[in-house]
Amino acid sequence: MPDISRDEVAHLARLSRLALGDAELDEFAGQLDSILHHVKAVAEVATDDVPPTANPSDIVNVTRPDVIVPGLTPEQSLSGAPNAEEGRFAVPQILGESE
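Keep in mind that this is a model prediction, so the values were computed, not measured.

The rules we used
Residue positions are given per chain, counted from 1 along the sequence in the order it is written. For this predicted model, a pLDDT threshold of at least 70 governs which residues receive local features, and a threshold of 80 or more governs which side-chain atom pairs are given and counted, while totals over whole chains, interfaces and linings are taken from all residues. Side-chain descriptors were evaluated using all non-hydrogen atoms of the structure, hydrogens and water having been removed beforehand. Residues enter a nonpolar core if they are buried and are Ala, Val, Leu, Ile, Met, Phe, Trp, Tyr or Cys, with the set joined through side-chain atoms within 4.5 Å. A 1.4 Å probe rolled over the protein chains alone gives each residue an accessible area, and that area as a share of the maximum for its type sets the label: buried under 20%, exposed over 50%, partly exposed in between. Helix and strand definitions here come from DSSP, where helices need a minimum of 4 consecutive H or I residues and strands a minimum of 2 consecutive E residues; each element is numbered from the N-terminal end. Only four residue types enter the tally: Lys and Arg on the positive side, Asp and Glu on the negative side, with His and both chain ends excluded. Whenever Lys or Arg places a side-chain nitrogen within 4 Å of a carboxyl oxygen from Asp or Glu, that contact is recorded as a salt bridge. For the purposes of these results, a polar contact is taken to be a pair of N or O atoms within 3.5 Å, where, inside protein, one atom must be able to donate a hydrogen and its partner to accept one; residues adjacent in sequence count only when each atom of the pair is a side-chain atom. In what follows, residue pairs with any heavy atoms lying within 4.5 Å of each other are defined as contacts. This arc is built from the directions going out from the helix axis to the C-beta atoms. Every patch collects residues that have over 30% relative accessible area and no salt bridge, joining them within 9 Å if they carry like charges and within 5 Å if they are nonpolar side chains (Val, Leu, Ile, Met, Phe, Trp, Tyr). In short, Shrake-Rupley with a 1.4 Å probe defines the accessible areas, and a residue's cover is counted only from the protein chains shown.

As for the nonpolar core
It is characteristic of soluble globular proteins that their nonpolar side chains tend to be buried jointly. Listed in full, the 5 residues of the largest apolar core are Ile4, Val9, Ala10, Leu25 and Ala29. Going through the elements one at a time, α1 (6-15) and α2 (22-43) are the ones with two or more residues in this core.

Rendered as structure tokens:
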């Protein structure tokens, strides 16, 4: 016997404000029943001796030390630029003056 009936699916559809036809009610009843059977199978797995984990492998986050290193000076960063003005990269204008 299925765990969820067609009437229960119709009730859920009304609560969700979904207009379902007869064929859809039958289809969704079968799908929801299948989902409930899968959930029951997962719930029946013996997990009493399994410790809870967020990740099954013992991987730790590998990061480098956060060390401050000197960066480029403005002159160094602009040294390879094709065009620079007032200590900034100069690029062609793409918008008109009024925009």
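Next, the rest of the story.
A few points about the environment of Leu95
Here Leu95 shows up in the segment after β2 (88-89). Classification of Leu95 by relative accessible area gives partly exposed; the value is 49%. Taking the C-alpha atoms as reference points, Leu95 and Thr63, 32 residues apart in sequence, are found 43 Å from one another.

Quick look at the side chain of Asp33
Tracing the backbone shows Asp33 in helix α2. One buried charged residue, Asp33, remains without a salt bridge, the closest side chain of opposite sign being Lys40 at 7.3 Å. At a separation of 2.6 Å, a polar atom in the side chain of Asp33 contacts the main-chain amide nitrogen of Asp3. Look past the residues within four positions of Asp33 in its chain and what remains in contact with it is Pro2, Asp3 and Ile4.

Points about α1
Within α1, burial applies to Val9, Ala10 and Ala13. Along the axis of α1, the buried positions cluster into a sector of 100°, meaning they face one direction only. Residues of α1 that are exposed and point over 90 degrees away from its buried face: Asp7, Arg14 and Leu15. Looking at the buried residues of α1, the elements they touch are α2. Two residues or fewer after α1 comes Arg17, characterised by a positive phi angle close to 60°.

Side note on a nonpolar patch on the surface
Judged by side-chain polarity, Leu12, Leu15, Phe28, Leu32, Ile35 and Val39 come together as a nonpolar surface patch covering roughly 520 Å² of accessible area. Residue contributions to the nonpolar patch peak at 4 residues, all from α2. Relative to the elements of secondary structure, Ile35 occurs in helix α2. Accessibility expressed as a relative area gives 47% for Ile35, which makes it partly exposed.

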